[in-house]
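Residues per chain, in single letters:
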Amino acid sequence: MNATHHIVYTMRNRRGRWSSLTVALMLLLAGSTFTSCIDEKEFADNPKGNFEALWKIMDEHYCFFDQKEAELGVDWDEVHERYQRQVDDGMTTFQLFEVLCNMIGELRDGHVNLSAGFDYGRNWSWKEDYPTNFSDTLQRRYLGTDYRISSGMQYRILDDNIGYIYCGSFASTFGEGNISDILFFLLPCDGLIIDVRNNGGGQLTAAEQLAARFFDEKTHVGFMQHKDGKGHNDFSSMQKQWIKPSKELRWHKPVIVLTNRSTFSAANEFVKYMRCSSLVRTVGDRTGGGAGMPFSSELPNGWGVRFSACPMYDTDKNSTENGIEPDFKTDITDADMLSGRDTIIELARQLLK
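Bear in mind the structure is a predicted one, so any value in this text is a computation, not a measurement. (Residues numbered from 1 in each chain as written. Predicted model: local features only at pLDDT ≥ 70, side-chain atom pairs only at ≥ 80, totals over all residues. Heavy atoms only, no water.)

Asker: Can you walk me through the overall build of the protein in this structure?
Answerer: Regarding its fold elements, the protein presents eleven helices and 15 strands. Residues counted as buried form 54% of the 353 residues belonging to the protein. Across the protein, every contact between residues at least 6 apart in sequence was considered, and the portion connecting residues at least 24 apart equals 74%. When the accessible area of the protein is evaluated, it comes to approximately 15300 Å², of which 45% is carbon and sulfur surface. (Helix = DSSP H or I, 4+ residues; strand = E, 2+ residues; numbered from the N terminus. Buried < 20%, exposed > 50% of the residue type's maximum accessible area, 1.4 Å probe, protein only. Contact = heavy atoms within 4.5 Å. Areas by Shrake-Rupley, 256 points an atom, 1.4 Å probe, with all protein chains shown as cover.)

Structural data, given as structure tokens:
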């Protein structure tokens, strides 16, 4: 997830250079006060130094340690002891990368990544261990070849007078005029399907921008915190998240949002927002989660690390890190796949009728 405003933290590495540690924060937190400098131990640019640097950065800034300990039994101090024994200064770069990726992989967090010039360490169990529940081959049977495209969204009117929008990314914000043009074209429809399956996220501002078309008043949609200290439980108080209605064209008919396990990060937040609209129901599979705003840093050897630093919650203060259950759970069946039908789209059409 990205946001328009950032708070930048700095640390000096072994060579005396300053590397950036960026916490992406939502607009609603832009006016808050944060400490702008973190005193960090200097680490050597060797396998042991890079190991200690990664463990320490995570220890002081990762936001889900309590949740991971409760759900997965992760004890970060025990993880340090276990992986420290696997590191020695005679190991190769590739061996070090594997050990470090395995260490942070203990957290099973899709926002925890280690990047080197030769590989990108990731844990995608939030989607890879589940049915995809999306097929672009099936989707083409609904979109056809004459669908419209605006601001990266594909849309058309289906043969039962249901509007269909596919939003595959929130990587950038949308043109307000583009969203209005899409909704104006779909106004004759009896209902609307917004498909965010396989949307891996992007900018929260884009998710907010689209969601704002489905609210007529300022609405409380959740909470957010940020780390304000080095301890695992050092957090700010919960700050309310709000969706303000757009000043442009807004939708007032029933809406179904389609989800699957690859609906992640900012797209996960979009689903959270939309569930607060009286117009909306959700259909498909549980979302992939990813409810922590990413924080970025750099190891002494130049490898980049990104991880969750600012937890987010629904209106009942429940974490959505592990995803959001749909109102109507369904999978694409083998029979429908063979007959060219998307089970999830078909259920949405039935509900809208």
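Asker: Is there a simple way to think about the packing of aromatic side chains in this case?
Answerer: Within a pair of aromatic rings, the relevant descriptors are the distance that separates the centres and the angle that separates the planes. Counted according to the given criterion, the structure contains 14 aromatic pairs. Centre to centre, the rings of F97 and F118 are 5.1 Å apart; their planes meet at 65°, and the pair counts as edge-to-face. Separated by 21 residues along the polypeptide, F97 in helix α4 (residues 93–105) and F118 in the loop between β3 (113–116) and β4 (119–121) bring together distant segments of the chain. Its relative accessible area of 5% is what places F97 among the buried residues. Pairing W126 with F264 gives two aromatic rings, centres 3.8 Å apart and planes at 15°, and the pair type is stacked. Taken together, the residues W126 in helix α5 (residues 125–128) and F264 in the loop between β11 (255–259) and α9 (266–274) connect sequence positions 138 residues apart. We classify F264 as buried; its relative accessible area is 5%. Taken together through their ring pairs, the aromatic side chains of W55, Y62, F64, F65 and W76 make up a single cluster. Seen from the ring of W124, K127 lies directly overhead, with NZ or CZ sitting 4.5 Å from the centre. One residue, K227, lies across the ring of F235, its end atom 5.8 Å from the ring centre. (Phe/Tyr/Trp six-rings, centres within 6.5 Å; stacked < 30°, edge-to-face > 60°. Lys NZ or Arg CZ within 6 Å of the ring centre and 35° of its normal.)

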